[in-house]
Amino acid sequence: MTPTLQLFLIASAALFCIGLLAALSRRHAIFILIGIEIMLTAANLNFVAFWRFGPPTQQPTGVMVAIFAIAIAAAEAAVGLSLIIAVYRHYRTTNVDELDQLKG
Amino acid sequence: MNPWIVTNLWLIPAIPLAASLSILSFNNARRKTAAAIAIVGQIVALTMSILAFLPTLSAPGFRAGHNFIWFTFGEQALRLGWVLDPLTAAMLLMITFVSLCIFVFSIGYMAADKNFTRFFAYLSFFSAAMLGVVIANSLLLLFVCWELVGLASYLLIGFWIHKPSAAAAAKKAFITTRIGDLGFFLGLVWLYHGSGTLLFYDGGRGCLENAALLALGGSATSIALLIFCGAVGKSGQFPLHVWLPDAMEGPTPVSALIHAATMVAAGVFLVARVYPIFSLGAINDVTPSLTVVVWIGVVTGLMAALIAATQSDIKRILAYSTVSQLGLMMVSLGVGGVAAGIMHLLAHGFFKALLFLGSGSVIHGCHDEQDIRKMGGLRRLMPVTFITYAIGMMALSGVPLFFCGAWTKEEILHATSHWPKSQAPHYLIMLGVVLTAAYMTRQMIYVFFGNPRAASEHAHESPPVMTRPLVALGFCTIFLGVVLTPAWPWLHDYLNGETARFDLTRLIQPMLFVSLALVIAGIGLGVLMYRRVALQDRHRNVELDPLESAQPFLFRFLENKMWLDELYEESFILWSRTAARLSDWMDHYVWDGLVRGFGSLGQLFGIFTKGVDERAINAGVDESVGGARGLGRLMSAAHSGQIQTYLGAVAIGMVALLILYAWLA
């Protein structure tokens with residue numbers, strides 16, 4: 001089976017849906033974070049796929065965007081995790097259902 | 001070149017004032033310090049007065065002063081200053097010396113009083129204010145000190161404030177003199193308007209010097225009379241004399257100070273000081289204003305002498321005697337005998353202080369009894385007081401040759417006999433002299449002769465601290481009698497700015513025999529009427545005064561001070577009360593009603609706006625606020641705080657966008 005753009009896009013869409021499902025359905029804050037990371041991965045896959053199957057070019061533009069996104073995602077994950085730890089220390093829980101102090 | 005003392009003359013009143021202020025800062029327990037400071041202050045003032053006296057002897061009519069600018073407003077500068085002339089120097093000596101004696105006497109008299117320190121502070125203040133009046137070279141400065149004298153008299157007359165009568169007397173003295181002071185102040189303003197200056201002597205530009213006097217012209221009479229109003233109030237002249245007898249409510253040393261050295265002397269001094277205004281445009285030494293002064297003096301002198309003859313309170317007799325003598329001084333000033341009037345004022349200062357302190361000693365010895373009908377026989381029980389009192393009495397009556405009162409009275413009689421306008425004052429004053437001798441004899445007989453009565457049985461001589469000032473004043477009285485002898489009338493000429501010549505023939509003048517005859521008549525009359533009193537039984541009070549049994553109506557008329565107090569009560573005071581009541585009524589019903597009316601208008605408007613606010617404006621605001629609140633509630637329901645709900649909403653939105661995109665494409 002030869003790799004085509006459609007195949008990558010389908011995989012990417014599947015990855016995104018898995019991530020979204022995880023972010024929406026899990027109650028644990030760390031799983032939500034993981035879900036978000038998965039959605040980010042799907043986006044990265046799209047960048048690389050469109051670069052690989054798009055018009056031929058010398059510059060590795062798609063790869064570079066993906067690498068930047070991964071670096072930012074790492075920073076974002078660090079911030080997210082430290083927020084979770086802070087929240088846990090304060091409320092003794094990471095269950096997002098119970099963290100509803102910002103309600104109107 | 002002025003001597004040192006001229007530029008530093010202000011120190012004379014300033015030192016007693018400083019003494020007074022420093023005493024006020026003590027507490028009541030430091031009695032000895034307080035008395036010491038007051039007396040030292042007075043001694044310093046006396047020493048400086050002697051220093052000030054010496055240069056005035058150097059030349060006849062010596063006059064030196066020091067003026068300075070107090071403040072400037074616009075182009076005008078208000079200047080004050082002090083002046084040293086024979087009048088000032090003689091008054092300074094008399095005031096400081098008599099005050100000193102009174103201060104020393106007070107140590108004994110007030111020994112038991114719990115407000116001893118306050119008393120000495122006030123005494124010093126009184127003396128300072130009076131010294132200020134004397135040295136002032138500006139009518140304004142004089143007025144300021146004049147009012148301070150009034151304040152001090154108020155504080156001291158009401159010193160025993162717990163006695164309602166003392167409080168009332170203090171108020172009476174203050175308000176009565178204030179009536180006169182109103183006139184004084186108007187005169188002062190008018191004088192400033194007319195002459196442009198209030199300095200007495202200012203190198204030719206002062207208001208008592210020719211240029212300014214000429215500028216005054218015809219208004220001088222009115223100004224003089226207005227200023228005289230102040231003197232009438234302060235010196236207890238008719239019709240404002242009513243405060244003086246009531247002022248006896250104060251402690252006796254205060255009476256002595258008021259009657260001898262300070263307060264009442266101020267009025268006579270004022271007239272003598274501004275005499276050029278009174279005598280401006282005189283024809284034959286007569287001006288309308290001086291004529292008024294003469295007649296007021298005559299009425300006062302005679303009326304007070306008559307009243308004094310019927311009083312039974314030892315101090316009230318002396319008080320009316322003072323009023324009478326002040327009348328005499330005014331007459332003397334009015335007829336042109338300024339020097340004679342001032343000489344009588346100085347001599348009177350000494351012997352009246354002596355008499356008052358003597359009466360204080362008597363009252364002290366008789367355990368605070370003041371009714372002479374309950375005394376008697378004190379001649380043997382209080383010998384020092386008796387002898388000094390007798391000296392004072394003879395000086396006041398005018399016994400010739402050895403007592404100063406005689407010479408000065410003779411001078412006054414002499415001056416009145418030359419008054420061109422009328423001879424009536426001359427004879428009326430003679431009658432006053434007879435009466436004076438008579439009532440003083442009456443008092444002497446009641447108090448010192450005969451047998452002791454109820455209050456004097458256990459009398460005792462006063463302590464040395466009280467008798468020594470009496471002896472000192474007694475000596476001075478006799479000494480003045482020698483100094484004032486007409487054979488060498490240096491004081492008379494000193495005051496007039498002339499040089500005295502020694503002339504023994506002037507000692508024997510017709511007036512001497514006239515006054516001798518008057519005094520003998522007066523004393524004889526007194527002895528004749530009251531000798532029965534001296535012979536009375538020891539344990540009975542006198543039932544009736546001999547005059548009372550002879551002329552009961554006249555006696556009651558005079559004993560009640562001619563019902564002048566009652567007359568004032570029924571007239572001026574009643575009118576002012578009625579006016580006050582009317583104003584109160586107006587205030588209560590008319591003005592108050594108006595104000596209340598405006599107030600209710602405001603209230604009505606308030607009720608109206610309240611209705612508008614509640615019905616119209618509030619309803620609209622409430623409505624819109626309710627809408628906003630409902631919307632807010634709706635919106636806030638969406639904000640559940642559930643992070644996954646938000647995330648889900650974002651996902652649904654994204655899907656919807658995708659579908660929209662797919663459908664449009």
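Computed from a predicted model, the values in this text were never measured in an experiment.

(A) Seen up close, the overall build of chain A. What chain A contains, in helices and strands, is three helices and zero strands. When the elements of chain A are put in sequence order from the N terminus, they spell out α-α-α. Once the C-alpha set of chain A is aligned to its principal axes, its extents read approximately 55 × 25 × 25 Å. Taking all 104 residues of chain A together, the buried fraction comes to 11%. Looking at chain A alone, contacts between residues at least 24 apart form 49% of all its contacts between residues at least 6 apart.

(B) Structural context of the overall build of chain B. Helix and strand counts for chain B come out as 27 helices and two strands. Across the 665 residues in chain B, those meeting the buried criterion constitute 50%. Sequence-distant contacts, at least 24 apart, represent 78% of the contacts inside chain B between residues at least 6 apart.

(C) Main features of the interface of chain B and chain A. Between chain B and chain A, the residue contacts involve 12 residues of the former and 10 residues of the latter. Contributions of two or more residues to the side of chain B that touches chain A are made by helix H26 (564-638) and helix H27 (643-664) of chain B. For the side of chain B that touches chain A, the element with the most residues is H27(B), which contributes five residues. Looking at the side of chain B that touches chain A residue by residue, the class counts come to five nonpolar, seven polar and no charged.

(D) Spatial organisation of the pairing of strand S1 (residues 64-73) of chain B. Residue and element names in this part refer to chain B. For S1, a buried count of one out of 10 residues is recorded, marking the element as mostly open to its surroundings. Alignment of S1 against strand S2 (residues 76-84), held across nine bridges, turns out to be antiparallel. Considered in S2, the bridge of Gly65 is made with Val83. If you look at the hairpin formed by S1 and S2, you'll find two residues sitting between the two strands, and Gly74 has a positive phi there, around 60°.

(E) Highlighting the packing of helix H9 (residues 220-234) of chain B against helix H14 (residues 288-308) of chain B. Residues and elements named next belong to chain B. Two elements in contact, H9 and H14, have axes whose closest approach is 9 Å; the angle formed by their N-to-C orientations is 25°. Judged on the interaxial angle alone, H14 and H9 are roughly parallel. Pair H9 / H14 crosses with right-handed handedness. Within the contact between the two elements, H9 uses Thr221, Ala224, Leu225, Phe228 and Val232 and H14 uses Pro288, Ser289, Val292, Val293 and Ile296. Residue composition of the contact of H9 with H14, grouped by class: eight nonpolar, two polar and no charged.

(F) Looking closely at helix H12 (residues 263-273) of chain B. Of all 11 residues in H12(B), 11 are buried; the element is thus mostly enclosed. Every buried residue belonging to H12(B) is among B:Met263, B:Val264, B:Ala265, B:Ala266, B:Gly267, B:Val268, B:Phe269, B:Leu270, B:Val271, B:Ala272 and B:Arg273, and all of these are buried.

(G) Structural view of the environment of B:Ala35. All names here are of chain B. The topology assignment puts Ala35 in helix H3 (residues 31-58). Note on Ala35: 23 C-beta atoms within 10 Å, which makes it buried. Measuring from C-alpha to C-alpha, the distance between Ala35 and Ser106 comes to 9.0 Å, with 71 residues separating the pair along the chain. Here Ala35 is in contact with Ile107 and Phe120, once residues within four sequence places are set aside.

(H) Molecular detail of the confidence of the model for chain B. Residues and elements named next belong to chain B. A residue-level look at chain B finds 90% of positions with pLDDT of 70 or above and a mean pLDDT of 81. Within chain B, the element-level pLDDT minimum falls on helix H24 (residues 546-550), averaging 66, and the maximum on H27, averaging 91. In the predicted complex, the global pTM is 0.71; the interface-specific ipTM is 0.82.

(I) Representation of unusual backbone geometry. Non-glycine residue A:Arg92 carries a positive phi angle of around 60°. Residue placement: A:Arg92 occurs in the segment after helix H3 (61-91).

(J) Structural view of the packing of helix H16 (residues 338-365) of chain B against helix H18 (residues 383-397) of chain B. Residues and elements named next belong to chain B. Orientation of H16 relative to H18, taken along the N-to-C sense of each, is 145°, at an axis distance of 9 Å. In this structure, the crossing between H16 and H18 has a hand that is left-handed. Between H16, through Phe351, Leu354, Leu355, Gly358, Ser361 and Val362, and H18, the contact on the second element is made entirely by Thr385, Thr388, Tyr389, Ile391, Gly392, Met393, Ala395 and Leu396. Residue classes in the contact of H16 with H18 are distributed as nine nonpolar, five polar and no charged.

(K) Quick peek at the environment of B:Met382. Residue and element names in this part refer to chain B. In this structure, Met382 sits in the loop between helix H17 (378-381) and H18. Remark: the alpha-carbon pair of Met382 and Glu461, spanning 79 residues in sequence, is separated by 4.6 Å. Discounting residues that sit within four places of it in the chain, Met382 has contacts with Ser361, Val362, Gly365, Ala459 and Glu461.

(L) Structural detail: helix H7 (residues 164-195) of chain B. The first and last C-alpha atoms of H7(B) sit 46 Å apart over 32 residues, in line with the 46 Å expected at 1.5 Å per residue. Positive phi shows up at B:Gly196, right after H7(B), with a value of about 75°.

(M) Seen up close, the environment of B:Ala128. All names here are of chain B. Considering the arrangement of structural elements, one finds Ala128 in helix H5 (residues 116-135). Taking the C-beta count within 10 Å as the criterion, Ala128 has 28 such neighbours and is therefore assigned buried. When the C-alpha atoms of Ala128 and Val149 are compared, they prove to be 8.6 Å apart, with 21 residues separating the residues in sequence. In this structure Ala128 touches Pro13, Pro16, Leu17 and Ser20, once residues within four positions along its chain are discounted.

About the cut-offs
Residues numbered from 1 in each chain as written. Chains lettered and ligands numbered in written order. Predicted model: local features only at pLDDT ≥ 70, side-chain atom pairs only at ≥ 80, totals over all residues. Helix = DSSP H or I, 4+ residues; strand = E, 2+ residues; numbered from the N terminus. Buried ≥ 20, exposed ≤ 12 C-beta atoms within 10 Å, placed from the backbone. Contact = placed C-beta atoms within 7 Å. Nonpolar A, V, L, I, M, F, W, Y, C, P; charged D, E, K, R; others polar. Pairing = 2+ DSSP bridges. Axes fitted to C-alpha atoms, helices over the stretch in contact; angles between N-to-C directions. Parallel < 35°, antiparallel > 145°, perpendicular 65-115°, else oblique. Left-handed = near helix turned anticlockwise from the far one by under 90°. pLDDT = per-residue confidence, 0-100. Expected span 1.5 Å × (residues − 1).

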